[in-house]
Amino acid sequence: MNPIEHNRLNNFDFVRILAASMVVFAHSFDILTPLEQVHSNSEPLRVLTNGNMSFGSLGVAIFFCLSGYLISQSLQFSQNYTSYFAKRFLRIFPALILDLLIAVFIWGAIVTSLPLTDYFTDSKTYLYLTNIFLFKISFFLPGVFEANINSPVVNSSLWTLPYEFLCYVGVVILQVLLISKNRYLYAAFGFIFFIVAIVVLNSSFSAIKFGETDITLENIFVLFTYFGAGALFFHFKDKIPLKFSVSLVLLVIYCLSFYFGKSSIFGYLCLPYIVFWFVFAPKIKLHGVSKWGDFSYGMYIYSFPVQQTIVYCFGNRMPVGKMIFLSFLFTIPLAMFSWFVIEKRALKLKNSLVAPISFENSKESVEFA
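Keep in mind that this is a model prediction, so the values were computed, not measured.

A. Broad picture of the nonpolar core. Ranked by size, the top nonpolar core spans 100 residues in total, and within it I62 and F276 carry the most contacts. At 13 residues, the largest contribution of residues to this core is made by helix α4 (residues 81–111). For F276, the residues in contact, after removing those within four places along its chain, are F12, C65, L66, Y69, G230, F233 and L242.

B. Just the packing of helix α3 (residues 55–77) against helix α11 (residues 263–280), in detail. Two elements in contact, α3 and α11, have axes separated by 10 Å at closest approach and are oriented at 70 degrees. Considering the angle they form, α3 stands roughly perpendicular to α11. Viewed along their axes, α3 and α11 form a crossing whose handedness is right-handed. Contact residues: L58, A61, I62, C65, L66 and Y69 in α3; L271, P272, V275, F276, V279 and F280 in α11. Broken down by class, the residue content of the contact of α3 with α11 amounts to 12 nonpolar, no polar and no charged.

C. Geometry of the side chain of S303. For S303, the location among the structural elements is in helix α12 (residues 296–314). What makes S303 buried here is its relative accessible area of 0%. Engagement of the side chain of S303 in a polar contact is seen with the backbone oxygen of M299, the distance being 2.9 Å. At 3.4 Å, the side chain of S303 forms a polar contact with the backbone oxygen of Y300.

D. Structural view of the packing of aromatic side chains. One pass over the structure, following the stated rule, counts 27 aromatic pairs. A centroid spacing of 6.3 Å and a plane angle of 65 degrees characterise the contact between F233 and Y273, whose relative ring orientation is edge-to-face. A residue pair is termed long-range when its members are at least 10 positions apart, and F233 in helix α9 (residues 217–235) and Y273 in helix α11 qualify at 40 residues. Taken together, the ring pairs connect F12, Y69, F233, F234, Y273, F276 and F280 into an aromatic cluster. Sitting over the face of the ring of F234, K237 holds its NZ or CZ atom 4.0 Å from the ring centroid.

E. The state of the cysteines, seen in detail. With the rule as written, the count across this model stands at zero disulfides. With no disulfide of its own, C65 lies closest to C167 among cysteine sulfurs, the gap being 11 Å. Looking at C65, the relative accessible area reads 0%, which means it is buried. For C167, a relative accessible area of 3% corresponds to the buried category.

F. Quick peek at the environment of N155. Inspection of the secondary structure puts N155 in the loop between α6 (123–127) and α7 (161–176). Under the relative-accessibility criterion, N155 is labelled buried at 1%. Once the C-alpha coordinates of N155 and A103 are considered, the two residues, 52 residues apart in sequence, prove to be 8.7 Å apart. When sequence neighbours within four positions are dropped, the list of residues in contact with N155 reads D99, Y128, F139, I301, F304 and P305. Separated by 3.4 Å, the side chains of N155 and D99 make a polar contact. For N155, the side chain forms a polar contact with the main-chain nitrogen of S157, separated by 3.1 Å.

Here is what the cut-offs are and how they apply
- Residues numbered from 1 in each chain as written.
- Predicted model: local features only at pLDDT ≥ 70, side-chain atom pairs only at ≥ 80, totals over all residues.
- Heavy atoms only, no water.
- Core = buried A, V, L, I, M, F, W, Y, C linked by side-chain atoms within 4.5 Å.
- Buried < 20%, exposed > 50% of the residue type's maximum accessible area, 1.4 Å probe, protein only.
- Helix = DSSP H or I, 4+ residues; strand = E, 2+ residues; numbered from the N terminus.
- Contact = heavy atoms within 4.5 Å.
- Axes fitted to C-alpha atoms, helices over the stretch in contact; angles between N-to-C directions.
- Parallel < 35°, antiparallel > 145°, perpendicular 65-115°, else oblique.
- Left-handed = near helix turned anticlockwise from the far one by under 90°.
- Nonpolar A, V, L, I, M, F, W, Y, C, P; charged D, E, K, R; others polar.
- Polar contact = N/O pair within 3.5 Å; in protein donor to acceptor, adjacent residues only side chain to side chain.
- Phe/Tyr/Trp six-rings, centres within 6.5 Å; stacked < 30°, edge-to-face > 60°.
- Lys NZ or Arg CZ within 6 Å of the ring centre and 35° of its normal.
- Disulfide = S-S within 2.5 Å.

By themselves, these figures tell us nothing about what the structure is for.
In C-alpha cells:
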C-alpha cells in the first residue's frame, strides 16, 4: 500500500466506535469486581496478558493514537489558535456538560441513599459539576452507589479528559516553539520523549502527582506517547507505507511482548502502525459507519454511570454477560441522544463560528477517551 492517502473512505469512525466498545466491555467486568481485585478479574484480554492489558486500556490507547493524528491535522488546517481551541471546546464540552448534569440531577437524585434535601444541600453534590474544569476530577456524589461492589465512583471514564486536553495544549506549544514546523525535528523530539518515557515508567518517579490534581507522571508519559505516535503518523503521512504484512508482523511482536514482559515498550512501537493500517486499508470498507453518526464519545463518557446504575438496580452478582448486554442496551441510545441533540448541533455551531478549512478530510477526533 502507498503512503497514507487522505480521503473520506477511511475507517476512523469505525475504529472510534470499536475503541469505545472495548472500554464498555472491559468496564462490564470491572464494575462487578471489588476494586482491589480488578487487576485479576476474568476480563479476557487481562487474562491473556497476565494482567498487563485490558480491552479498556487498549481502547484508550487507540483513542489517543487517533487523536494525535486528527488533532495534529486540525491544528495544521485551523486558521489560528482561537479557531483551533474553539473546535476543541465545542467537541468536548457540550456532551460533557450534559453528562455532569445528568449525573447530578438525575442519576444522583434517584439513587442517593440520602434524603433529597440533604443531597441537594451538600456541597459535594455541586463539587461534581466542577469536573467541567477537568484538572481536579471529582468522582463521587453524596450517598450515590455506596453499596456497589466495585466502588462508589460515578464516572471513572472522566480520568482521561485532562490528559487529552493537555495534549491539545502540548501540540500548540510545540508549534509555537517551532518544533513541529520541521517534521524531522518533531520526530527527533518524539524519539527523545519516548526514551525519557521508558526510563521514567521503569522508575519510582512515575507515581509523582502534580499539585492538587490527579494527573500523574506515569499517565502523562503513557498517553502522551500514544498521542505523539499518532501525531507523527500525520506529519509523515506521505512517507509511511502501510502494508498488511508489516502490520501482521508487528501484531505478532506486540503479542509476544506480553509474554516477555516488554509490552510497555513494544506497545508504543507496534500498536500505532497496526491502528493506522486498519484505518486506511482500502480493502477494509467500514467507512459507512459515519452516515449514522459519531456515537463513540457519548459511549465513552456515559457508559460508566449507566453501568453503575445497572449494578445498583440489579445487584452486584449479576452474570457478566447480562451486564455487557444491558450496558450496550442502555448506553447506545443515550449516546445517540447526545449525538443528535447536543454534539451534532455543537459541530454545526463550530462551522458557523470558525472559518472552514480547505481540506477534504476534516473529521474531528473523539475526545475522550
